[in-house]
Amino acid sequence: RESLNEGFQRQESRVGVDSRKPGYSEKELTSCSLQVLSARGSPGRYMLTLLTDRRCSIVFLLQCLKKIEHHEAVNFLTTCVMVPIEITVQPQSVQMPEGSCVMLCCRAVGPTGLNYQWFKREDEVPGGNTAELILNSVGPAQEGHYICRVNSGEKCVFSKWAHVRLVHSAGTGVMFPSSASGLCITQQPRSQTLSEGDILYLECSAQANPPPQFQWYHNKQPLSKANRCLLKPTHNCGYISDVHSAPPKQMGDFYATDKVALLMGNMNYMHHRQLRAPMADVYELTNLLRQLDFKVVSLLDLNWHEMHRAVTEFLLLLGRGVYGLLYYAGHGYENYGNSFMVPIDAPASYTSEHCLWVQDVLQRMQERQTGLNVFLLDMCRKRNLNDDIIQQPGPLKVTANIVFGYATCVDAEAFEVNKDDLSNGIFISFLKKRLTEQEKVTVMLDRVAEDMGRCDLTRGRQALELRSNLSERRALTDRIQAIDCPVMASTRNLQWSIAHVLPESRVLHFDCGVKVQLGFAAEFSNIMIIYTRILEKPKDIMSCSAQLSDFTEGPEIDLKRTNQESLRDAGSLLLTMDDRLPQEQPRLYTRLCALQRLKRELSFIVCLHYQYTNLDEEVLEKQTVTVGKPLVSKLNLHEQRPLHASPSSSCDLHTMPDSSSFAEELRVSLPSLEPSLTESIESYYYTHAEIGSSSTSQRLNEPEETTSPEFLTSDELPASKSLTHAGTETPFKFTNFHSF
């Protein structure tokens, strides 16, 4: 006993008594030594108890152990107690086509010897015991929620949930990705040992939204024309570093400094016939252009002011070398070579002053020194007899980069295919088959025209017309290579990204113990879906539901379609979400339109209706939720601002730093930027106007219905793969866009 006591005293003297910690008396050290005489006694545990009573920290204990050189105890405290497990890379949700390869990645730091285990919901994934989980040839069986557990011994942490979904085209009823997901390399290039003269093949696969871009390097130097996922050099491996681009530019050698597209579709006209195709057409074209790395703004049902503001903001996104694309679907007309797009609030007898002049937009695009100007006009080109004004555009610059793709020829009508609740215009039905081809824009459109000409249903009724002065072999598939000011490019990306931000999903805790999840999804740039889901409820609550009400004024909401059990019932015909949730966790959906009219932060009330098992009466709890200004409402497009003054006048857009209130917010966050670099770069507009009664003026701009009887009475229609809804079970019905 004396030797043990002397040993503890020597250890205490080596450690030294911390002035902030009380020392130990002779009696306490003696009691510690006597623990060896007890069958269950432990001097070490007794000493730890004394340290606990004196509120000594683990850091203090670790310092003591280091001084007495107790390496085993120091290592245990350091690895298992002091060093926490921290996840540094969270797995990201992905949306991929069926058959794709998906990689989920989770990385963590902490004690040595970390172990990983992936789960699909509560089930372990076989072989999923590494930081990366690779799912080859993803199918319906691989869809679902995944989570990763990282542990060191008994200590463990879990990552965030990652959702793997399959995506298809809108025609199949499954949504395209609506928001960006993180870049994920699914296949790394492999090291190889080759003999001189052998051919080297290297492959790198990645998944992202928008689609990733590739650039191969050799000895830290970029390889020319090596921007595909598969590297197949024409030279042998001994000369791979000597690959150079040929002097004359071929297909694929051109590039854009950026790609921007404005898509506008007008359907719900106040004083004219309603259209059906623009919604599906804009939706499909949006997803196709995103695959080509375009920054896309998709807008439905714009009034006159909104169309002008949309174009002005679109022009501010353009710059030197940028590819600009404008698509319009709706009522329209053409007089004396000038094309006009009709807004939804145009009067019954409208003229050019009520519309948007296409040639004026072209002139303003040229002032931005763009690399390519593409107009796709899916509208009628009939004469407007009410409009006798001959517009005189200003002189156009000889830029040799203009392409006009008209859905129909001069003095003719454009048609849409009607089937069920969704329709496609004839133009988009053919265009979507060719749009992503790596061909010169004019060549691609020529092939679309040929496809339309071979279709019996369109021959003699609608023919694509192409007008172009494009002198270079530029394609919509050209890669992006930024060469302008990095600050300007960063500002453009920042402004575009902020205008696409959705509110974060959140969980509401109610006093009764119920937990409700709020989720958000974007259908278009100005249409948002909000859904509620019951995550957890006490056992004594028999039933409950969370419904939304009392929204901030501004957005248009069909009260009869709020809090619906399906997206279709809520008014969304294109967007689909995960319908494989357990039946006990149903969702209620609400669709918000016209977000650009939101003047202040969006707020609403979540009403929780629930009933206890032993009570007949329903109980109501409420919580007010504020989610800020989502999507385009951030740009304050409801504010009346000066528009482009005259169709024939030029406008230096660099002198318009106050064209959007968002620029002011950006200047606050980036005070070092010049005002000209903080112009608003993107805008989004939406109005879902109520249907007004049509005027019966004598000179009403409504041509007669041109539905052909043979389309409705034919027993058998020729099949056409180029038409979205081609089939023999339901005859096509062609109706004109009623353009003027």
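A brief look at the structure comes next.

About the cut-offs
Residues numbered from 1 in each chain as written. Predicted model: local features only at pLDDT ≥ 70, side-chain atom pairs only at ≥ 80, totals over all residues. Heavy atoms only, no water. Buried < 20%, exposed > 50% of the residue type's maximum accessible area, 1.4 Å probe, protein only. Helix = DSSP H or I, 4+ residues; strand = E, 2+ residues; numbered from the N terminus. Pairing = 2+ DSSP bridges. Polar contact = N/O pair within 3.5 Å; in protein donor to acceptor, adjacent residues only side chain to side chain. Phe/Tyr/Trp six-rings, centres within 6.5 Å; stacked < 30°, edge-to-face > 60°. Lys NZ or Arg CZ within 6 Å of the ring centre and 35° of its normal. Axes fitted to C-alpha atoms, helices over the stretch in contact; angles between N-to-C directions.

### Digging into the pairing of strand β34 (residues 587-592)
Argument step 1. The buried fraction of β34 is high, at six of six residues.
Argument step 2. Side chains R587, Y589 and R591 of β34 all project onto a buried face; the interleaved residues L588, T590 and L592 project onto the opposite face, where all are buried too.
Argument step 3. With six bridges joining them, strand β32 (residues 527-536) and β34 adopt antiparallel strand pairing. Bridge pairing in β34 links T532 to L588.

### A short note on helix α4 (residues 58-67)
Argument step 1. Of the positions making up α4, those classed as buried are F60, L61, L62, C64 and L65.
Argument step 2. Remark: E69 follows α4 within two positions and exhibits a positive phi of approximately 60°.

### Some remarks on the environment of E334
Argument step 1. Mapped onto the fold, E334 is located in strand β21 (residues 332-335).
Argument step 2. Look at E334 and you get buried, because its relative accessible area is 5%.
Argument step 3. Of note is the side chain of E334, whose polar atom sits 2.7 Å from the side chain of R381.

### Considering the packing of aromatic side chains
Argument step 1. Enumeration over the complete set of coordinates arrives at nine aromatic pairs.
Argument step 2. Ring centres of Y610 and Y612 lie 5.6 Å apart, and the angle between their planes is 85°; this geometry places the pair in the edge-to-face category.
Argument step 3. On the basis of relative accessible area, Y610 is assigned to the buried category, the value being 5%.
Argument step 4. Exposure remark for Y612: the relative accessible area of 21% places this residue in the partly exposed category.
Argument step 5. Taken together, the aromatic side chains of Y333, F340, Y350 and W357 make up a single cluster linked through ring pairs.
Argument step 6. The ring of Y406 is capped by R381, whose NZ or CZ atom sits 3.7 Å from the centre of that ring.
Argument step 7. Positioned above the aromatic ring of Y531, the side-chain terminus of R587 is 4.3 Å from the ring centre.

### Focus on the sheet that holds strand β23 (residues 356-357)
Two modes of strand pairing occur in sheets, parallel and antiparallel, and in both the strands are linked by backbone hydrogen bonds.
Argument step 1. With antiparallel pairing, the three strands of this open sheet are ordered in space as β21-β22-β23. Strands with a single pairing partner mark the edges of an open sheet, and in this sheet they are β21 and β23.
Argument step 2. Relative to β23, strand β22 (residues 338-341) is paired through two bridges, and the arrangement is antiparallel. Opposite F340, over in β23, you have W357 as the bridge partner.

### Side note on the sheet that holds β32
Argument step 1. As summarised here, the arrangement of the four strands in space is β30-β31-β32-β34, forming an open sheet in which the pairing is antiparallel. Both outer strands of the open sheet, β30 (506-509) and β34, are each paired with one neighbouring strand and no more. This sheet shows a mean twist of 25° between the axes of neighbouring strands, independent of strand direction.

On their own, these measurements won't tell you what the molecule is for.
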